[in-house]
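# Topology and contacts: notes
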Amino acid sequence: MANRRAGVRIVIADDHPIFREGLKRLLDAEAGFTVVGEAEDGRHAAEMTRALKPDVLLLDVAMPRLAGLDTLRDLGEQCAAVRTILLTAAIEKAEVVTALQLGARGIVFKEAATQLLFKSIQCVMAGEYWVGRESATDLVDALRNLTSHGLETQGRKSRFGLTKREQEILSAVIGGYTNKEIARQLTLSEDTVKHHITNIFNKVGVSNRLELALFAVHHRLVESA
Amino acid sequence: MHLGSDDLPFIPRATRFQMPAPVRYRRTGGDVWHEGTLENISRSGAFFRGFHRFELTTSVELVFELQRAAGEDSATFVVCEGSIVRTTDDPADGGSRAMAMTIERYQLERRKLA
């Protein structure tokens, strides 16, 4: 738990002294953050994290003597309460998935603005995830957010296992049509439409029409102007 | 990982979607609409900012545009009704107040655009 006077306790792990020192100064200057330790490689980062149990570990992906992802593996469940944010110049999507599966709470690019890093720290402290430039409410959301901008809407829909008919009905629901109107448009019975909507709820994990609409817009499952 | 207890079963919190959007809000049944900005929303509540602050428990309506249909002259609006359950005391930059409301009733409405 963070000492309220000290704010968020942070350990920085990066093998570049200039970057590490610069980051330390930025964080120490920001109210609510305190750097409690620095490590120059992954092994030292793991030892320091076990000893100090910081609130947040800022962990460079590319480091000697245990790279970032291996450090995460090494820490494992022992330091589950420590929120790790990976810092990286570039990372493959598969590595992001691996990092999240290993327990990382965030991935921030080193080219990002300082304020974005601060925001990512606040987000993970609030129990959320941070990937790239945005927060995610939970791990599933974080993994779902890993879509390239080139993905077609159709591809996104099929990612949730929606059939063609379910996709048509989803679009109609988001379009504000009632079950009766949808049934008429698609030449179906109202009961069949309701059955499809229930299936859609179950597939995407929502509880009602409003949540479905919010989910669909948030995940860009429907074409919009 | 045990997330609930024998007396208090674990109930997952409703997913909150960050959805910045212009909103209009008013006291339920009132004549005057106020303008504000939605910050986030879930199936059970919405968090928004506006210059006109309502007191706790006030029954309010909130409307915002969800999406504009591609190639059509209509849009889907979300119309919510609920109660104010939280307000901030200190105004944010610009003087707006933040309010949280429950969503007790809602409708997705298709409206022709002017």
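Anything mentioned here points back to the structure above.
In this text, all values refer to a predicted model and were calculated from it rather than measured experimentally. (Residues numbered from 1 in each chain as written. Chains lettered and ligands numbered in written order. Predicted model: local features only at pLDDT ≥ 70, side-chain atom pairs only at ≥ 80, totals over all residues. Heavy atoms only, no water.)

Our next topic: the nonpolar core. In terms of nonpolar packing, the biggest core is built from 46 residues, with Leu170(A), Leu38(B), Leu62(B) and Phe64(B) touching the most fellow members. Broken down by element, the residue count for this core peaks at 6 residues, all from helix H11 (residues 209–218) of chain A. With 25 residues, the next largest nonpolar core counts Val61(A), Met63(A), Leu75(A) and Val96(A) among its residues. (Core = buried A, V, L, I, M, F, W, Y, C linked by side-chain atoms within 4.5 Å. Buried < 20%, exposed > 50% of the residue type's maximum accessible area, 1.4 Å probe, protein only. Helix = DSSP H or I, 4+ residues; strand = E, 2+ residues; numbered from the N terminus.)

With that out of the way, let us pick up the pattern of salt bridges. Any two side chains of opposite charge can pair if their charged atoms end up close together. Residues and elements named next belong to chain A. According to the stated counting rule, one finds 19 salt bridges over all chains in the structure shown. In this structure, Glu38 and Arg20 form a salt bridge, with 3.3 Å as the shortest nitrogen-oxygen distance. Placement of Glu38 in strand E2 (residues 33–39) and of Arg20 in helix H1 (residues 17–29) is noted, with a sequence separation of 18 residues between them. Exposure remark for Glu38: the relative accessible area of 25% places this residue in the partly exposed category. Judged by relative accessible area, Arg20 falls into the buried class, the value being 14%. We note a salt bridge from Lys24 to Asp28, for which the minimum N-O separation is 2.8 Å. You can see Lys24 and its partner Asp28 sitting in helix H1, 4 residues apart, about one turn around the helix. Of the residues examined, Lys24 reaches a relative accessible area of 21% and is grouped as partly exposed. (Salt bridge = Lys/Arg side-chain N within 4 Å of Asp/Glu carboxyl O.)

For the rest of this paragraph, the subject is the packing of helix H8 (residues 164–174) of chain A against helix H9 (residues 179–186) of chain A. All names here are of chain A. The N-to-C vectors of H8 and H9 enclose an angle of 135 degrees; their axes lie 10 Å apart at closest approach. Taken together, the axis directions place H8 and H9 in an arrangement best described as oblique. Classified by chirality, the crossing of H9 by H8 is right-handed. Contacts between H8 and H9 pair Arg165, Glu168, Ile169, Ala172 and Val173 from the former with Ile182, Gln185 and Leu186 from the latter. Here the residues of the contact of H8 with H9 are counted per class, giving 5 nonpolar, 1 polar and 2 charged. (Axes fitted to C-alpha atoms, helices over the stretch in contact; angles between N-to-C directions. Parallel < 35°, antiparallel > 145°, perpendicular 65-115°, else oblique. Left-handed = near helix turned anticlockwise from the far one by under 90°. Contact = heavy atoms within 4.5 Å. Nonpolar A, V, L, I, M, F, W, Y, C, P; charged D, E, K, R; others polar.)

All names here are of chain B. With respect to the secondary-structure elements, Ala14 resides in the segment before strand E1 (17–27). On the basis of relative accessible area, Ala14 is assigned to the buried category, the value being 14%. For Ala14, the residues in contact, after removing those within four places along its chain, are Ser42, Arg43 and Ser44.

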